[in-house]
Amino acid sequence: MTPEDLGFPSVKLTHLPTPFEEASRFAQSIGGPRVFIKRDDMTSLSLGGNKARKLEFLLGEAVALGCDCVVTCGGPQSNHARMTAGAARKYGLDPVLVLDGHDPGYRQGNLLLDHILGSDIVFTGNESSAEVMDRVEKELHAKGRRPYVIPVGGSNPIGTLGYVAGAQEVIEDIRGAGVTPRAIYVPAGSCGTLAGLVLGKLLFEAEFEVIGVAVSADSATKEERAFDLVMQTASVLKSRASYEIQKRLSRITPDVVRRHVKVSGKQVGEGYGIPTGACLEAIELLARSEGIFTDPVYTAKALAGLVDDVRRGIYSSQEAVVFLHTGGVPANFAYSQAFLERRKTT
């Protein structure tokens, strides 16, 4: 499926399909089923990550509308903010990033890359990101600019389209590998990636279940958020997609969607952006068995969820699971102390 098949404007930000590879040494290290990794950390935009798929549609709309700058928000180590800034630069738009909290006074990890990209960085201080985003948008309009506002994570119906198409790519990957995985694990933050995968899975009738692993509290809210995004995206898609896709969408009812939206809250720990022992272990396990890096904010918490399920005996050695690697590796450079502390205790 191409973006054109979905009927929405898009731009090209990456080279697809991304690799799909078996991690046999990792699987052996955790004593579980066959493990395959969908390498969306290897999208080519600004050091890679899942946001490239969303941004192809979001920037497509921004360019179509004639916008001259992009405003988005996130945490100080936001992968989405970094990739949005890169996408904006690629298409000649100025990036404005609204980041949570106070300026730390230094630039490391994703925050350093935001700086190198020449982003206008606005810290929220004690205000909410919504309040600051609204004020920034009004200020830009007052200056005669034409801003395009992207919500946290790029998780709205337009951004979610990226993983509707991405789900079909995964289905083609597993067909090519000759496997029938029971589940695909994905980090659940703003839930756009999760929602797109669920909608794509239902649209193309894939057998695997999609398991979202929450990276912040709480899982029940994330399930509701993902459900809403699936339904909203299906509605938006139905207005423009081909007749064949519209027919398939008519079979996707709210009851069906609710049965397929699942978010585990067991790996959150103390909260968003706070590494857990399990996620630090997961980073080291994958790095030392496959030479693949994950990050302590998103991907390693999802990977820790997979590891925990395997160790609890949910899967047999003859089964297979998929881990969607959504990127985020630059964030590791802002967490050196956490890795050093782990070394002292292990």
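Quick note: structure is the one above.
The following paragraphs examine the structure supplied in this document.

## Regarding the overall build of the protein chain
Within the protein chain, the regular secondary structure consists of 14 helices and 10 strands. Scaling as 2.2 N^0.38, a compact globule of 346 residues should have a C-alpha radius of gyration of about 20 Å, and the protein chain matches this with 19 Å. Counting only C-alpha atoms and orienting by the principal axes, one finds that the protein chain spans roughly 60 × 55 × 35 Å. Counting over 346 residues, the protein chain shows a buried share of 55%. In the protein chain, once contacts between residues fewer than 6 apart in sequence are set aside, the share between residues at least 24 apart is 79%. In the form shown here, the protein chain has an accessible surface area of approximately 14,200 Å², with 51% of it arising from carbon and sulfur atoms.

## Quick look at unusual backbone geometry
Of note, the bond from Leu-16 into Pro-17 is cis; its omega dihedral lies within 30 degrees of zero at 5°. You can see Pro-17 is positioned in the loop between α1 (3–6) and β1 (20–22). Positive phi, normally seen in glycine, also occurs at Ser-46, with a value near 45°. Examined against the element boundaries, Ser-46 turns out to sit in the loop between β2 (34–39) and α3 (51–64). Judged by relative accessible area, which is 23%, Ser-46 ranks as partly exposed. Its identity is not glycine, yet Cys-191 carries a phi of approximately 80°, on the positive side. Locating Cys-191 in the fold gives a position in the loop between β7 (183–188) and α8 (192–203).

## Some points on the state of the cysteines
Linking two cysteines covalently via their sulfur atoms produces the bond known as a disulfide. In the structure shown here, the tally under the stated rule is 0 disulfides. Note on Cys-69: no disulfide assigned, nearest cysteine sulfur contributed by Cys-67 at a separation of 7.4 Å. With no disulfide of its own, Cys-191 has Cys-73 as its nearest cysteine by sulfur position, at a separation of 14 Å. What makes Cys-191 buried here is its relative accessible area of 3%.

## Here's the deal with the pattern of salt bridges
Any two side chains of opposite charge can pair if their charged atoms end up close together. Counted under the stated rule, the structure contains 26 salt bridges. Here Lys-38 makes a salt bridge to Glu-169, at a shortest N to O gap of 2.7 Å. Linking Lys-38 in strand β2 with Glu-169 in helix α7 (residues 157–177), this pair joins segments that are 131 residues apart in sequence. The class for Lys-38 is buried, based on a relative accessible area of 1%. Its relative accessible area of 10% is what places Glu-169 among the buried residues. Several salt bridges share partner residues, and in doing so they unite Lys-38, Asp-40, Arg-53, Glu-169 and Asp-173 into one network.

## So, helix α6 (residues 129–142)
Taking 1.5 Å per residue as the helical rise, α6 with its 14 residues ought to reach 20 Å, and the 20 Å between its terminal C-alpha atoms agrees with that figure. Where α6 is concerned, the buried positions are Val-132, Met-133, Val-136 and Leu-140. Along the axis of α6, the buried residues cluster in a sector spanning 100°; they form a single face. Opposite its buried face, α6 presents the exposed residues Ala-130, Lys-138 and Ala-142, each directed more than 90 degrees away. On the buried face of α6, the contacting elements are β3 (69–74), β4 (94–99), β5 (120–123) and β6 (147–149). A positive phi of about 85° marks Gly-144, the residue just after α6.

What counts as what
- Residues numbered from 1 in each chain as written.
- Predicted model: local features only at pLDDT ≥ 70, side-chain atom pairs only at ≥ 80, totals over all residues.
- Heavy atoms only, no water.
- Helix = DSSP H or I, 4+ residues; strand = E, 2+ residues; numbered from the N terminus.
- Rg over C-alpha atoms; globule rule 2.2 N^0.38 Å.
- Buried < 20%, exposed > 50% of the residue type's maximum accessible area, 1.4 Å probe, protein only.
- Contact = heavy atoms within 4.5 Å.
- Areas by Shrake-Rupley, 256 points an atom, 1.4 Å probe, with all protein chains shown as cover.
- Disulfide = S-S within 2.5 Å.
- Salt bridge = Lys/Arg side-chain N within 4 Å of Asp/Glu carboxyl O.
- Expected span 1.5 Å × (residues − 1).
- Arc of directions from axis to C-beta.

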